[in-house]
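Observations on the model geometry
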Protein chains: 2
Amino acid sequence: MEKQPYVCGLDAAVDVIDGKWKVLIIWALNHQRCRFGELKRLVPGVSEKVLTQQLRELAADGIVHRESYDVVPPKVEYSLTGLGEELNTALRPLGAWGKRRMATLAETGRG
Amino acid sequence: MEKQPYVCGLDAAVDVIDGKWKVLIIWALNHQRCRFGELKRLVPGVSEKVLTQQLRELAADGIVHRESYDVVPPKVEYSLTGLGEELNTALRPLGAWGKRRMATLAETGRG
DNA sequence: CAGTATCCACTAAGATACTG
DNA sequence: CAGTATCTTAGTGGATACTG
């Protein structure tokens, strides 16, 4: 969202998923719509500040939708937008590649 | 290569392509094997230090192959390994997604 | 519950100069 | 040509405490 004159589509795509936890967030939201607290559990290790921050960026990029219910206690739900779903689909082959790689790493004994 | 206990394959894949210029490098090498200087031209804006660094990380991850010829003046050629080619293939849908996104951004007037 | 505010630490990356 | 060395900076992310 910031580098702007992208060299290629890949460049533009990476720009969106760049951020330590973003793909994990997108991944988590693929399975279900989530509340803030659920997300925190699904993305282990992330701090509230960073989670909020990356969620906002993702929302600004049109990847996630933020639905705020005006109740007490507060309730906010995050879900993928259509664009987000598409991104997730585009991400799938990469995930498969990474999975194979993890297996290889385990075999060749890095773990 | 560092985060190690990956949550999913996507996590592992992103770890490999993480670095400001890595996808651009991989993209450039998809079209051809390149010498250091060529790469520098194909990845506009990268400094020598960073290019070297990311190339080494990519090599350590088994994505690129570094072939050094013992001549003078020095000649080194970089190319994708089999794993690198696979990664590139896995990256293609993401590139297509990004391309669509770029088009949308241009339409809706951010440029 | 779902954040915000603050302050700190680390690292990625940039500029520049030098070398075999 | 293909790097390496050094220094500096910007930005990202982490920990913790506080709020509507």
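Residues numbered from 1 in each chain as written. Chains lettered and ligands numbered in written order. Predicted model: local features only at pLDDT ≥ 70, side-chain atom pairs only at ≥ 80, totals over all residues. Heavy atoms only, no water.

Chain A is annotated in an unreviewed UniProt entry as Transcriptional regulator of Streptomyces autolyticus.

Thoughts on the overall build of chain A
Per the secondary structure count, chain A includes five helices and three strands. Moving toward the C terminus, one meets the helices and strands of chain A in the order α-α-β-α-α-β-β-α. Counting only residues that meet the buried cut, chain A has 42% of its 111 residues in that class. At a minimum sequence separation of 6, the contacts of chain A that also span at least 24 residues come to 46%. As displayed, chain A offers around 5800 Å² of accessible surface, 53% of which is attributable to carbon and sulfur atoms. (Helix = DSSP H or I, 4+ residues; strand = E, 2+ residues; numbered from the N terminus. Buried < 20%, exposed > 50% of the residue type's maximum accessible area, 1.4 Å probe, protein only. Contact = heavy atoms within 4.5 Å. Areas by Shrake-Rupley, 256 points an atom, 1.4 Å probe, with all protein chains shown as cover.)

Overview of the UniProt feature "domain: HTH hxlR-type" (unreviewed entry) in chain A
Cross-referencing UniProt, the feature "domain: HTH hxlR-type" (unreviewed entry) maps to residues 8-106 of chain A in the present numbering. In residues 8-106 of chain A, helix accounts for 65% and strand for 14%; the two terminal C-alpha atoms are 33 Å from one another. (UniProt positions renumbered as here; feature names shortened; annotations may be inferred.)

Side note on the relation of the copies chain B and chain A
Take chain B, turn it by 180 degrees, move it 0.0 Å along the axis, and it overlays chain A with an RMSD of 0.0 Å. Taken together, the rotation and translation describe the operation of a two-fold axis. Taken together, the interface assignments show that 100% of the residues at the interface of chain B recur at the interface of chain A, consistent with an identical surface on both copies. (Least-squares fit on C-alpha atoms with pLDDT ≥ 70 in both.)

Points about the environment of B:L91
Positionally, B:L91 belongs in helix 5 (residues 82-107). According to the relative accessible area criterion, B:L91 is buried, its value standing at 0%. For the pair B:L91 and B:L29, spaced 62 residues apart in the sequence, the C-alpha separation amounts to 13 Å. Excluding residues that lie within four positions of it along the chain, B:L91 makes contacts with A:L10, A:L94 and B:I17.

A few points about unusual backbone geometry
In the segment running from A:V72 into A:P73, the intervening peptide bond is cis, with an omega of 5 degrees. With respect to the helices, strands and loops of the structure, A:P73 is situated in the loop between strand 2 (64-69) and strand 3 (75-80).

Some points on the interface of chain B and chain A
Listed as interface residues are 36 residues of chain B and, on the opposing side, 36 residues of chain A. Carbon and sulfur atoms make up 73% of the surface buried where chain B meets chain A, a total of about 3600 Å² over both sides. Our enumeration of links across chain B and chain A arrives at four salt bridges. Salt-bridge contacts for A:R101 lead to B:D61; the nearest nitrogen and oxygen are separated by 3.6 Å. Counting only elements with at least two residues in the side of chain B that touches chain A, the list comes to helix 1 (9-17), helix 2 (22-31) and helix 5 of chain B. (Buried area = accessible area lost by both parts, 1.4 Å probe. Salt bridge = Lys/Arg side-chain N within 4 Å of Asp/Glu carboxyl O.)

Regarding the packing of aromatic side chains
What the rule picks out here adds up to zero aromatic pairs over all chains. Directly above the ring of A:Y69 sits A:K75, whose terminal nitrogen or CZ lies 5.0 Å from the centroid. (Phe/Tyr/Trp six-rings, centres within 6.5 Å; stacked < 30°, edge-to-face > 60°. Lys NZ or Arg CZ within 6 Å of the ring centre and 35° of its normal.)

Here's the deal with the protein's contact with DNA strand D
Around DNA strand D there are 22 residues in total, and A:K20, A:K49, B:R35, B:R66 and B:Y78 lie nearest to it. Backbone sugar and phosphate groups make up 60% of those atoms of DNA strand D lying within 4 Å of the protein. At 2.5 Å, a backbone N or O of A:K20 approaches a phosphate oxygen of DNA strand D. Between a base nitrogen of DNA strand D and a side-chain N or O atom of B:E48, the distance comes to 2.9 Å. Contributions of two or more residues to the surface near DNA strand D are made by helix 4 (48-60) of chain A together with helix 3 (36-42), helix 4 (48-60) and strand 3 (75-80) of chain B. Here the surface near DNA strand D is composed, by residue class, of eight nonpolar, five polar and nine charged. (Near = heavy atom within 4 Å. Polar contact = N/O pair within 3.5 Å; in protein donor to acceptor, adjacent residues only side chain to side chain. Nonpolar A, V, L, I, M, F, W, Y, C, P; charged D, E, K, R; others polar.)

Considerations on the sheet that holds strand 2 of chain A
Residue and element names in this part refer to chain A. One open sheet holds the three strands; their spatial order is 1-3-2, and the pairing between them is antiparallel. The sheet is open, and its two borders are formed by strand 1 (34-35) and strand 2, each paired with just one other strand. With six bridges connecting them, strand 2 and strand 3 associate as antiparallel partners. Pairing of R66 across the sheet is with Y78, part of strand 3. Set on the sheet, helix 2 (residues 22-31) makes contact with strand 1, strand 2 and strand 3; between it and strand 3 the angle comes to about 95 degrees. (Pairing = 2+ DSSP bridges. Axes fitted to C-alpha atoms, helices over the stretch in contact; angles between N-to-C directions.)

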